[in-house]
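# Structure assessment
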Amino acid sequence: MKMYFKMLAALMLSLVAMSTAVAQEYDLVINDGRVMDPETKYDAVSNVGIKDGRIAVITKDKIKGKETIDAKGLVVAPGFIDGHQHCIEPYAYRSMLRDGRTTILDMEIGAHGPMLNEWYTRREGNAQVNYGAAVAHEFARAAVLDGFNDWKYLYTPDAIQSRLTKQGWSKTRPTLEQGNQILSLLDEGLQQGGLGIGSTVGYMREGVSAREIFELQKLSGRYGRFIDMHFRYTPGTDVTETNGIQEMLANAAALGTPAIAAHFNNPGYNMVHELLVRMRERGYNVWGEIYPYAAGSTALNAVFLEPEMWVKTLGNKYEDTLQDVATGEFYTQQTREEMLKKEPTRVVLVYKIPKSAIIDWIKMPGVAIGSDGMPLFPDDNLTWDTAYEDLPNTHPRFAGAFAKVLRLARENNIPLMQAVSMTSYNYAKPLGDMGLKAMQVRGRMQKGMVADITIFDPATVTDHSTYEKGTLPSTGIEHVIVNGTLVMKDQEPLKGVNPGQPIRFAPVESLFEPLTKEGWQSTYYASPIDFGGGVPGSQPDVE
Ligand SMILES: [Zn+2]
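Residues numbered from 1 in each chain as written. Predicted model: local features only at pLDDT ≥ 70, side-chain atom pairs only at ≥ 80, totals over all residues. Heavy atoms only, no water.

## Here's the deal with the sheet that holds strand β14 (residues 322–324)
Note the cut-off: Here, strands pair whenever DSSP counts at least two bridges between them. Per the convention used, a helix needs a DSSP run of H or I reaching at least four residues, while a strand needs a run of E reaching at least two, with both numbered from the N terminus. Note on method: axes are straight lines fitted to C-alpha atoms, helices fitted across the in-contact stretch only, with angles between N-to-C directions ranging 0 to 180 degrees.
Strand order in the open sheet formed by three strands is β13-β15-β14, with antiparallel pairing between adjacent strands. The open sheet has two edge strands, β13 (295–299) and β14, and neither has a second partner. For this sheet, the mean inter-axis angle between neighbouring strands, taken without regard to orientation, is 30°. Note: β14 against strand β15 (residues 347–351), three bridges, orientation antiparallel. What sits directly across from Gln323, in β15, is Leu349.

Here it is, written out as structure tokens:
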């Protein structure tokens, strides 16, 4: 009899549990939207229930939540992932949300290795979007070769200062000892959980040997992580651009390590794309990104803008291709030289390819969108509240890159699923595949995934940022959810709502082994004399 009551009680308890499951209240419900998942290609009007920061259900049944979003007529897509954003600051967050971005990562320049942890700590609990950084090759070189130590931001914006006076970071071939110091600084960042190594070798083409790049890829590869590279010859011709990525891909193939091609929206892009696709078919984790604009943006003193390269080798005229971002005026060789004396790192726009190429890029499957958004200067008084129009002018990719892709896809009959994949999954996939857990559960609209969600109107979504006013926000992106929390409602970012999470690896022990001549000799016989693999400028012996 006692047994009977026990069983009855257990049965009643389980009935109670079942009925609460049916009537389960979600934290947030998105009703009647067109849910699109780039991984499974699911594409259907459904309801999405979110609980504890995750997608708990995607169903055609009616569901209820504490808060409800009506998404009728709207697309419910994975939150946009921008893997190439040099400005991860509060004054940028509203613009990022208006453009649908829920994760912004600085993977091309990145953060200074020993300060990576602090870079993350500064954003803890006060970021509206998820954030992360690679470890910066350029800053390791500036620290070792120039003694640069004037850190303020700990990542890309510090380049304005570090590129200013000394050029050792760009032009010096390190000795073996200096090379080991550079690698060791990078290693500190990898130990602290940096996403990979970011290398702007295109700005350091004289100083960085083929050996140095190879050793960087070896080091990040020990941790299973990528190199993200601004190629050695970017911006270049269809030959030199391609040769630039071939350097990175040959190393990736020899070492079996992941690699990301930064902004290959340059001459030679069709060849670069085919290289990436074919290597992925062979199992290599190599990917590329583009930003949908015909002009780039950089500092006036970039080595590739010197007359020898920009005019003589590449055949450009300053009058047609080099524009001041603040004044809108085009430079001549003379005005460029004058400005170099006054403000060498002044930000400029660089026109380098016909506009028609942009549509080609968005048609290429597998490509990710990396905005390459630039830090804004002067930034002394910029806050979250600074009006969009009052932000200093910058390349329009800062505010509009993602909405522009959606608009161009609509205007050129490119399948919406492809655009959705480019804006989210095409970054989440390679990063997740290299073991980054945070990216194995993002970039996908599936049950169990983290609820980073961008909800937009496919018929109207558009960018408004232009070369004249690069900070105007996109429209048509209606609601944005980050880690299950609504951060933008009816195109209005919600101040003080900061659910952004760090995107990083857990700290690990060092895997760095300093390079030695003996070590090289015992394995490969031919020992380089220095880190560069030889003595630069030495004369061959005549026998
Ligand atoms: Zn770049």
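## Observations concerning empty space enclosed by the protein
One simple way to see leftover space: roll a probe sized like a water molecule over the atoms. We count it as follows: In this analysis, the protein atoms alone were mapped onto a 1 Å grid. Cavities are point sets where a 1.4 Å probe fits without being able to get out; pockets are open sets with protein on both sides within 12 Å along at least five of seven lines; lining residues have an atom within 4 Å of a point. Grid points are joined across faces, edges and corners, and a volume is the space filled by probe spheres set on the points. Residues were grouped as follows: Ala, Val, Leu, Ile, Met, Phe, Trp, Tyr, Cys and Pro as nonpolar; Asp, Glu, Lys and Arg as charged; and all remaining residues, including Gly, as polar.
Applying the stated criterion across every chain, the model contains three cavities of 30 Å³ or more. Taken together, 29 residues form the lining of the largest cavity, with Tyr203, Ser297, Thr298, Ala299 and Met374 sitting closest to its centre. Where the lining of the largest cavity is concerned, the elements lending two or more residues are β7 (101–111), α5 (159–162), β13 and β15. Tallying contributions element by element places β13 first for the lining of the largest cavity, with four residues. Classifying every residue of the lining of the largest cavity by side-chain character gives 13 nonpolar, eleven polar and five charged. Residue lining of the second largest cavity: Arg163, Gln167, Trp169, Tyr203, Asn301, Ala302 and Val303, and that is the complete set. Split by residue class, the lining of the second largest cavity holds four nonpolar, two polar and one charged.

## A closer look at the coordination of the zinc ion
Put simply, the rule reads: Listed donors are limited to N, O and S atoms within 2.8 Å of the metal, widened to 3.2 Å for Na, K and Ca; water is not among them, so incomplete-looking sites are possible. Note on classification: 1.4 Å probe, protein chains only; a residue is buried when its accessible area is under 20% of the maximum for its type, exposed when over 50%, partly exposed between these limits.
Around the zinc ion, the donor atoms from the protein are Glu108 (OE), His230 (ND1) and His263 (NE2), and they sit 1.9 to 2.3 Å away. Each donor residue of the zinc ion belongs to the same chain, and together they define the spacing E-x121-H-x32-H. Here His230 is found in the loop between β10 (226–229) and α9 (240–255), whereas its partner His263 is found in the loop between β11 (259–261) and α10 (269–281), with 33 residues between them in sequence. His263 gets classed as buried once you look at its relative accessible area, which sits at 4%.

## Some thoughts on the nonpolar core
Heads up, the rule is: In these notes, a set of buried Ala, Val, Leu, Ile, Met, Phe, Trp, Tyr and Cys residues joined through side-chain atoms within 4.5 Å is what counts as a nonpolar core. In what follows, a contact means two residues having at least one pair of non-hydrogen atoms within 4.5 Å.
Met107, Trp119, Met248, Phe264, Leu431 and Phe456 are the most contacted members of the largest nonpolar core, which totals 137 residues. Ranked by the residues each element gives to this core, the list is headed by helix α15 (residues 397–411), at nine residues. Trp119 has contacts with Ile88, Ala111, Tyr131, Gly132, Ala133, Tyr153, Leu154 and Tyr155, leaving out every residue within four places of it along the chain. Ranked by size, the runner-up nonpolar core spans 17 residues in total, among them Ile30, Val48, Leu74 and Leu486.

## A few points about the pairing of strand β18 (residues 477–482)
Of all six residues in β18, six are buried; the element is thus mostly enclosed. Where strand β17 (residues 453–456) and β18 come together, four bridges link them in antiparallel fashion. In the sheet register, Thr454 faces β18, and the bridge partner there is Val480. Where β18 meets strand β19 (residues 485–489), three bridges bridge the pair, whose relative direction is antiparallel. Each bridged residue has a counterpart across the sheet, and for Ile481 the counterpart in β19 is Leu486. From the end of β18 to the start of β19, which pair antiparallel, there are two residues, and Asn483 there has a positive phi angle of about 50°.

## Considering the pattern of salt bridges
Under the convention used in this document: When a carboxyl oxygen of Asp or Glu lies within 4 Å of a side-chain nitrogen of Lys or Arg, that pair is called a salt bridge.
Under the criterion given, the structure shown has 24 salt bridges. Of the charged contacts, one joins Lys429 and Asp433 as a salt bridge, the two residues approaching to 3.1 Å between their closest N and O atoms. Remark: Asp433 and Lys429 occur in helix α16 (residues 416–433); sequence separation between them is four residues, near one turn of the helix. In this structure Lys429 comes out as partly exposed when scored by relative accessible area, which is 25%. Given the relative accessible area of 48%, Asp433 is considered partly exposed. Between Asp452 and Arg442 there is a salt bridge whose closest N-O contact spans 2.7 Å. Residue Asp452 is found in the loop between α17 (437–440) and β17, and its partner Arg442 is found in the loop between α17 and β17; the two are separated by ten residues along the sequence. For Arg442, a relative accessible area of 5% translates into the label buried. Shared partners join several salt bridges into a network, and the residues in it are Asp27, Lys51 and Lys66.

## With respect to the confidence of the model for the chain
To keep things clear, this is the line we draw: How sure the predictor is of each residue is captured by pLDDT, a score from 0 to 100.
Predicted confidence across the chain gives a mean pLDDT of 93, with 93% of residues reaching 70 or more. A low-confidence stretch, residues 15–22 (pLDDT under 50), is modelled with zero contacts involving residues beyond four sequence positions or located in other chains.

## Quick word on the pairing of strand β8 (residues 130–136)
Here is the rule: Viewed with both strands pointing away, a crossover whose connecting path from the first strand over the helix to the second turns clockwise is right-handed.
With respect to burial, β8 is a largely interior element, seven of its seven residues being buried. In terms of strand pairing, β7 meets β8 through five bridges, oriented parallel. When the sheet's bridge partners are listed, Ala111 is paired in β8 with Val135. One crossover worth recording links β7 to the parallel β8 by way of helix α3 (residues 116–123), and it is right-handed.

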